[in-house]
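Examining the three-dimensional arrangement
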Amino acid sequence: MRKIELLAPAGDLERLKYAVMYGADAVFIGGKNFSLRSMASNFTLEDIKEGCDFAHKHHAKVHVTCNIVMHESDTNNIKEYLLDLEKCGVDAIIASSLTILKMVKTYTSMEAHVSTQQSISNSKGVEFLTNFGVDRVVLARECSIKDIENIKKKSNIDLEVFIEGGMCASFSGRCMLSNVMTNRDANRGGCAQSCRWNYDLYQNDKLISPNDHDFTMSSKDLNAMDYISKLIDIGVTSLKIEGRMKSLHYIATVVSAYRKLIDEYYLNHEIKNIQKYKDEISRGENRQTSYGFYNGDVKEEQEIYNDGFIGPSHEFCGIVLDYDKENKLVKIEQRNHFVGNREFEILSKAHGVIKLFVSDIYDKDMNVIDAARHSQMIVYFYSDIELEPFDLIR
């Protein structure tokens, strides 16, 4: 049986590398054109080439999103752009436009994946797209586990489903709030996430929401850990984590947790302690989570009517750049203010999650400093545990 794919987001080249190093089988990214996350860093063609080379070196794939709702002004140079992506080594294109999907299959050897923006939530839609010639369908987030199972039984094409990250208050992203309120087109990459704003509620010109309880109308983020084993048994091809605008720490934390959970299920055909994986993800999450539509239509507990920010349980401090074995000296790049003489947690590719007490910290001239307070400054400390590049400190 083919092992299920763990597909991770990457908003830039650095996050792509961390996603791959922490266990993603594939990453999805956006280029400078035709992408639905115009506020993300996004990739130049040179970055895409480097990202593909890195991913392929570590036996991972790269999917590029071209999933905007195309207007007439968006139709220029699509073919040339697709050919450029193919030259970079891209493995698949994710698109909602049938025109782009057909061009991918006509002019390139890349796979064509139907974006969730097509809102495919039934087997007839999958059948149509299969006959159209695509390679994979990303099902709508609004599908339940029973829907997914029934669709898979009636389909002979690769299916991809979302398992983690943001949900949309509208149906599969078909929202116009951002357009109306900010003149930023949500379906052309400009979503301002208006559903997550705080609002005052009025009735007959009278404020009816208390000042200490601002109203929002967004969905809780998705966490489908309880359904992973079932999705594997159903025969789904790919499990997708949402979040190209999420932090490096979030991506490494979430990918690592799902990687370990998936591997445990394949090894033992059971998950003995799923809570430990949920606890690990909580170290990077910053919003309330729920299981979305997996158990059927959502109820009030899947939605947020007040502030949904909870903050991660751990603060990301820095990344390991090098380890001097002879002197047991760790070189890190600071990412958030921190001080020494305290216990840290290391998210390590080699060791998993480990505790480490750090006494003094030093600057690049090996002077003791009271805090690492400057953005991306180089800091050193001593450790008997051998750390590796790409390890994270929190």
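Because the structure is a prediction, the values reported are computed rather than measured.

It is worth spelling out helix H10 (residues 274-282) at this point. Taken together, the buried positions of H10 are Tyr 277, Glu 280 and Ile 281. Around the axis of H10, the buried residues are gathered within 95° of arc, so they sit on the same side. Close packing links the buried residues of H10 with strand E7 (158-165), strand E11 (221-223), helix H9 (248-268), strand E17 (342-348) and strand E18 (352-358).

Time to look at the nonpolar core. Among the nonpolar cores identified, the biggest contains 84 residues, and Ile 93, Val 137, Leu 139, Ile 163, Leu 231 and Tyr 294 are the most heavily contacted of them. Counting residues per element, this core draws most heavily on H9, at 11 residues. When neighbours within four sequence positions are excluded, Ile 93 is seen to be in contact with Val 64, Cys 66, Leu 82, Leu 85, Ile 100, Val 104, Met 110, Glu 111, Ala 112 and His 113.

The sheet contact formed by strand E15 (residues 318-324) and strand E16 (residues 329-334) spans 6 bridges and is antiparallel. Note that in E16 the partner of Gly 318 across the bridge is Gln 334. The antiparallel hairpin formed by E15 and E16 contains 4 residues in its connecting segment, where Lys 328 sits at a positive phi of about 55°. Bridge analysis of E15 against strand E22 (residues 392-393) gives 2 bridges, and the strand direction is antiparallel. Opposite Ile 319, over in E22, you have Leu 392 as the bridge partner.

A few words on the pattern of salt bridges. This model, assessed by the stated rule, comprises 29 salt bridges. As a salt-bridge pair, Asp 221 and Arg 196 come within 3.7 Å of each other at their nearest N and O atoms. Of this pair, Asp 221 sits in strand E11 while Arg 196 sits in the loop between helix H7 (177-182) and strand E8 (202-203), placing them 25 residues apart in sequence. Classification of Arg 196 as partly exposed rests on a relative accessible area of 26%. Residues Asp 365 and Lys 364 are paired through a salt bridge, measuring 3.7 Å at the closest nitrogen-oxygen approach. Residues participating in the shared-partner salt-bridge network are Glu 280, Arg 283, Glu 345, Lys 355 and Arg 394.

A word on a nonpolar patch on the surface. A contiguous nonpolar surface patch, about 410 Å² in accessible area, is contributed by Met 176, Val 180, Met 181 and Trp 197. In this fold, Val 180 is placed in helix H7. Classification of Val 180 by relative accessible area gives exposed; the value is 70%.

Another point: unusual backbone geometry. One non-glycine residue, Asn 204, lies in the positive phi region at around 55°. Along the chain, Asn 204 turns up in the loop between E8 and strand E9 (206-207). According to the relative accessible area criterion, Asn 204 is exposed, its value standing at 74%. Phi at His 269 takes a positive value of approximately 55°, unusual for a residue other than glycine. By secondary structure assignment, the location of His 269 is in the loop between H9 and H10. In this structure His 269 comes out as exposed when scored by relative accessible area, which is 54%.

Looking down a regular strand, the side chains alternate between one sheet face and the other. The buried count for E17 comes to 5 of 7 residues, which makes it a mostly enclosed element. Pairing between E17 and E18: 7 bridges, direction antiparallel. Note that in E18 the partner of Leu 347 across the bridge is Val 353. Where E17 folds back on E18, the antiparallel hairpin that results is connected by 3 residues.

With that out of the way, let us pick up the environment of Arg 259. Relative to the helices and strands, Arg 259 is located in helix H9. Residue classification places Arg 259 among the buried positions, given a relative accessible area of 11%. Taking the C-alpha atoms as reference, Arg 259 lies 7.8 Å from Tyr 22; in sequence the two are 237 residues apart. Not counting the four nearest positions on each side in its chain, Arg 259 is found in contact with Lys 3, Leu 6, Tyr 22, Gly 23 and Asp 25. One polar contact links Arg 259 to Asp 25, side chain to side chain, over a distance of 3.0 Å.

About the thresholds
Residues numbered from 1 in each chain as written. Predicted model: local features only at pLDDT ≥ 70, side-chain atom pairs only at ≥ 80, totals over all residues. Heavy atoms only, no water. Buried < 20%, exposed > 50% of the residue type's maximum accessible area, 1.4 Å probe, protein only. Helix = DSSP H or I, 4+ residues; strand = E, 2+ residues; numbered from the N terminus. Arc of directions from axis to C-beta. Contact = heavy atoms within 4.5 Å. Core = buried A, V, L, I, M, F, W, Y, C linked by side-chain atoms within 4.5 Å. Pairing = 2+ DSSP bridges. Salt bridge = Lys/Arg side-chain N within 4 Å of Asp/Glu carboxyl O. Patch = residues over 30% accessible without salt bridge, like charges linked within 9 Å, V, L, I, M, F, W, Y side chains within 5 Å. Areas by Shrake-Rupley, 256 points an atom, 1.4 Å probe, with all protein chains shown as cover. Polar contact = N/O pair within 3.5 Å; in protein donor to acceptor, adjacent residues only side chain to side chain.

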